[in-house]
Amino acid sequence: MDETESGGRAELLTAAQMRAAERAAIDGGSVTGLQLMERAGAGVVAAALAERPALAEGAHRALVLCGPGNNGGDGFVIARLLAARGWTVDVHLMGDPDRLPPDARANHDAWARTGPVQPMAAARDAAPPDLVVDAVFGTGIGRPLPTGLEQVLDAVRGARDSDPGRSLTVAVDVPSGLCADSGRPLGRPLPADLTVTFHRAKPGHVLDRGPALCGRLVIADIGLPDAPVPGAVRWIGPWAARRTAKTGGHKYRHGHALVVAGGFGRTGAARLAARAALRVGAGLVTVAAPAAAMPECAAQLTAIMLRQADGSNDLCDLLADDRINAVCLGPGLAPEGAGQTEARAMVLTALQMRSLAKGRGIVLDADALTLFSWPPEKREKLLAEITAAGGCVMTPHDGEFARLFPDLASRLEAEPGGGPAWSRLDAARAAAARAGCVVLLKGPDTVIAAPDGTAAIHAAAYDRAAPWLATAGAGDVLAGLIAGLIARGHAPFDAACAAAWLHVEAARTFGPGLIAEDLPEALPGVLRPLGA
Ligand SMILES: NC(=O)C1=CN([C@@H]2O[C@H](COP(=O)(O)OP(=O)(O)OC[C@H]3O[C@@H](n4cnc5c(N)ncnc54)[C@H](OP(=O)(O)O)[C@@H]3O)[C@@H](O)[C@H]2O)[C@@H](O)CC1
Ligand SMILES: Nc1ncnc2c1ncn2[C@@H]1O[C@H](COP(=O)(O)OP(=O)(O)O)[C@@H](O)[C@H]1O
Ligand SMILES: [K+]
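Rules used throughout
- Residues numbered from 1 in each chain as written.
- Chains lettered and ligands numbered in written order.
- Predicted model: local features only at pLDDT ≥ 70, side-chain atom pairs only at ≥ 80, totals over all residues.
- UniProt positions renumbered as here; feature names shortened; annotations may be inferred.
- Near = placed C-beta within 6 Å.
- Helix = DSSP H or I, 4+ residues; strand = E, 2+ residues; numbered from the N terminus.
- Nonpolar A, V, L, I, M, F, W, Y, C, P; charged D, E, K, R; others polar.
- Pairing = 2+ DSSP bridges.
- Contact = placed C-beta atoms within 7 Å.
- Axes fitted to C-alpha atoms, helices over the stretch in contact; angles between N-to-C directions.
- Expected span 1.5 Å × (residues − 1).
- Buried ≥ 20, exposed ≤ 12 C-beta atoms within 10 Å, placed from the backbone.

- In the annotation of an unreviewed UniProt entry, the entry for the chain reads Bifunctional NAD(P)H-hydrate repair enzyme, and the organism field reads Roseicyclus persicicus.
- Recorded in UniProt for the chain, the comment headed Subunit (unreviewed entry) runs: "Homotetramer."

What follows is the structure in structure tokens.
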């Protein structure tokens, strides 16, 4: 990924946005559809040979599966280019050549002058080749894969897996059946070793099952203009954290974050969040804890300040200090039983007092969300207070999200009937609009959405996989990072984007064996190269 902030290259384009970019370039006369298809096919061949250099030497055998649209057209180009290298190429088409769109038809005909086009069903019996090219469906998939095609893909997969390591499976644009907008499979796609997409990655490459089905991802340049697409989803890269550089000034110039802790024996989560807020550069960080938890906190905290807050009245007194410009509530907040009412009151107090301090931001995580999940009136009350407060970020994981937005979660769980399928991106956007705040939906694919539909995705996938983050307390650290950045003056959406990147970068810097405590300690090594 090229992470330049100004260009469009950090964008993820939906199928419709990609079609519009292609249409605009063709209508503008700068390129023809046939040229784009030729470049796409050449890009796939180049990427496949680069992926497995042994294929660049000598002649090999390829199985090319072509579909009824332009993805199939790319397949015919690939077949022709491989045959020109001396390869033996078996080409199978799904559907009727007479119904191919014009550019695909032209490439079909060009191939047909070189070799036969066999029916798709015959690919079931193909011997394992050196290269499988999946060019059945790309961004145009509109409904689940036909059963007959699934059986062919299953057979190809079976033959491939019976001789592990022999063939390379390359998906053209997306593995056929993967929805390019959502990352959700429409049926049972053939998992690829390598996916070569064109011009820009699509949300489906980084969301949900996308990374697992794509294998590796290469973006081939097909010569479309670089101009940014209005409203496109941003793909979070180092650009998101570049503005974290700290410049001079008094500690209060870098803000004061308050993290509200739960009771005795439950303060670890808040302390983790507080340490992350301090490490990411907040000028001051205070933990507010109830009397019973003060000794536990005092024994653990040094640079972080400690104040007693036994309930919403005490929190109200603390928040009267308008220098506190970021508040984090949720990690380890809720005690069992009766104390939950007071914990809820603290959350509402923080929201209602937000208007006192200009620019104060509030991060709501974990218990601050779960405490309001039932009955529905409580949920609605929380969402209404969040909207009224403004300046909030909520950071649910999937379970917390489902408790707060059950209707949106069930849409996500339902089997997609067609494409584009309802996605985690759609769900986060809908939640942000409903709650009137920034929603960061956590996961290996973290989606950040604002009420106006602005959205970004951080994918801990491909060369940024960070499986070690699946460890207790990692989410508390993320909440603290966002609070610390808000304290430093970052807007809630920007703070969430930067924190998502820093969080994964810290995990990757530390590597295997990571526990949540390591994340704040790994931050200096992450911030230094950013000039932060
Ligand atoms: N945009 C660009 O800049 C460039 C795009 N390029 C390439 O074009 C690809 C997009 O092409 P595309 O729009 O023709 O769509 P594609 O994925 O081939 O499928 C559409 C066909 O499939 C059919 N169909 C759909 N679902 C089905 C199902 N379940 N079962 C059965 N049939 C189904 C559908 O039929 P319909 O729904 O109309 O009945 C239609 O016939 C893109 O991924 C990339 O590879 C490059 O060449 C260069 C630049
Ligand atoms: N497999 C994974 N790859 C990358 N990041 C992950 C993975 N699993 C979890 N995470 C991240 O780790 C954090 C876990 O947060 P959360 O579920 O709230 O856990 P906890 O409550 O234990 O802190 C989130 O930021 C999530 O995005
Ligand atoms: K494909």
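Right, picking up where we left off after that structure.
Let's talk about the site of ligand 2
- Around ligand 2 lies a shell of 18 residues, among which Lys442, Ala460, Leu469, Ala470 and Gly475 are the nearest.
- A per-element tally of the shell around ligand 2 places helix 17 (residues 474-487) first, with 4 residues.
- Considered class by class, the residues forming the shell around ligand 2 number 10 nonpolar, 6 polar and 2 charged.

Overview of the sheet that holds strand 14 (residues 361-364)
- Pairing is mixed in the open sheet, where 11 strands are placed in the order 1-9-18-17-16-15-14-13-10-11-12. Strands at the two margins of the open sheet, each flanked by one partner only, are strand 1 (11-12) and strand 12 (305-308).
- Pairing geometry for strand 16 (residues 438-441) and strand 17 (residues 445-449), over 3 bridges, is antiparallel. Its bridge partner lying in strand 17, Val439 is registered against Ala449.
- Running over the sheet, helix 16 (residues 424-435) touches strand 9 (233-235), strand 15 (392-394), strand 16, strand 17 and strand 18 (455-459) and is turned about 150° from strand 16.

Examining helix 3 (residues 70-84)
- The terminal C-alpha atoms of helix 3 lie 21 Å apart, and with 15 residues this matches the ideal 21 Å at 1.5 Å per residue to within 8%.
- What helix 3 keeps buried is the set Asn70, Asn71, Gly72, Gly73, Asp74, Gly75, Phe76, Val77, Ile78, Ala79, Arg80 and Leu82.
- Contact partners of the buried residues in helix 3: helix 2 (33-51), strand 2 (61-66), strand 3 (88-93), helix 4 (102-112), strand 5 (131-135) and strand 6 (168-172).
- Positioned one or two residues after helix 3, Gly86 has a phi angle of 95°, which is positive.

Side note on the site of ligand 1
- The environment of ligand 1 is formed by 29 residues, the closest being Glu22, Gly69, Asn70, Gly138 and Gly140.
- Broken down by element, the shell around ligand 1 gets its largest block of residues, 5 residues, from helix 3.
- Here the residues of the shell around ligand 1 sort into 14 nonpolar, 10 polar and 5 charged.

Looking at helix 17
- Helix length check: helix 17 (14 residues) gives 20 Å between terminal C-alpha atoms against 20 Å at 1.5 Å per residue, within 8%.
- Summarising burial for helix 17: 14 of the 14 residues are buried, a large majority.
- Looking one or two residues past helix 17, Gly489 carries a phi angle of roughly 105°, positive in sign.

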